[in-house]
Amino acid sequence: MMSRQFTYLLAHRLQRSFAAAAPPITRLVVTPTAIHRRSFTATTTLPKKEGKSPNLVLKAGLPFVLFSVLASWVVSSALDGKLKEQEASQGKTSLSLRQAKLQEEHDEMMGRLNKIVQADFDNTKRIKRPQEILEERRLERERRNKWYRRWWRAIAERFQK
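Calculation criteria
Residues numbered from 1 in each chain as written. Predicted model: local features only at pLDDT ≥ 70, side-chain atom pairs only at ≥ 80, totals over all residues. Heavy atoms only, no water. Helix = DSSP H or I, 4+ residues; strand = E, 2+ residues; numbered from the N terminus. Buried < 20%, exposed > 50% of the residue type's maximum accessible area, 1.4 Å probe, protein only. Contact = heavy atoms within 4.5 Å. Patch = residues over 30% accessible without salt bridge, like charges linked within 9 Å, V, L, I, M, F, W, Y side chains within 5 Å. Areas by Shrake-Rupley, 256 points an atom, 1.4 Å probe, with all protein chains shown as cover. Salt bridge = Lys/Arg side-chain N within 4 Å of Asp/Glu carboxyl O. pLDDT = per-residue confidence, 0-100. Lys, Arg positive; Asp, Glu negative; His and termini not counted. Charge placed at Lys NZ, Arg CZ, Asp CG, Glu CD.

A.B. asks: Please explain the overall build of the protein as it appears in this structure.
C.D. replies: Within the protein one finds five helices and two strands. When the elements of the protein are put in sequence order from the N terminus, they spell out α-β-β-α-α-α-α. Buried residues in the protein amount to 2% of all 161 residues. A fraction of 9% describes how many contacts in the protein between residues 6 or more apart in sequence connect residues 24 or more apart.

Right, here's the structure in full:
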């Protein structure tokens, strides 16, 4: 059995001696029991092609161009939308007649609602039943048709003619 230090020195010397003579795609593999010389294919050296391939344009150029065009469209549409919103909030945009009319109606309704809310709008009122409404109407008719009210209406109608 060789000592570990001796194996290291031997491998180091062999590596230096093979480095000058060996092609760049060979590698010296040192294990504690044996020293092997293995060849492998290097991924860094590609065979050179003469001329440019049209596939390279399709693989690299087309996605880049599409990305650039799409990015510019997204940015321009975002800026247009931001500017339109800013102008609308400042009231600089011109409205069509229909939109202006709708806006006026909306403002008028909001004004009415604000007046109702300011007048202590009570949303807790009980909704009357139909029978109760009919009963109130019947009582109102009876009050209106009392004999003295009927008599006074008859006199007032004669003088108005």
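A.B. asks: Can you walk me through a nonpolar patch on the surface in this structure?
C.D. replies: Among the surface-exposed residues, Trp-147, Tyr-148, Trp-151 and Trp-152 lie close enough to one another that they form a single nonpolar patch of about 590 Å² accessible area. One can find Trp-147 in helix α5 (residues 147–160).

A.B. asks: Got a minute to help me understand the pattern of salt bridges in this structure?
C.D. replies: Close approach of charged atoms allows side chains of opposite charge to pair. Scanning the model with the defined rule gives six salt bridges in all. One salt bridge connects Glu-108 with Arg-112, and the closest N-O pair in it is separated by 2.7 Å. With Glu-108 and Arg-112 both in helix α3 (residues 97–118) and four residues apart, this pair spans about one turn of that helix. The exposure class assigned to Arg-112 is exposed, which follows from its relative accessible area of 52%. A salt bridge links Glu-142 to Arg-138, with the nearest nitrogen and oxygen atoms 2.6 Å apart.

A.B. asks: Would you take a moment to explain the confidence of the model for the protein for this structure?
C.D. replies: Atomic detail in the predicted coordinates should be set aside for any region of low pLDDT. When pLDDT is averaged along the protein, the result is 77; 69% of the residues meet or exceed 70. Looking over the protein, one finds the lowest element-wise mean pLDDT in strand β2 (residues 35–39), namely 54, and the highest in helix α4 (residues 130–144), namely 93.

A.B. asks: Is there a simple way to think about a positive patch on the surface in this case?
C.D. replies: On the surface, Arg-137, Arg-141, Arg-144, Lys-146, Arg-149, Arg-150 and Arg-153 cluster together into a patch of positive charge. Those elements that provide at least two residues to the positive patch are α4 and α5. The exposure class assigned to Arg-141 is partly exposed, which follows from its relative accessible area of 41%.

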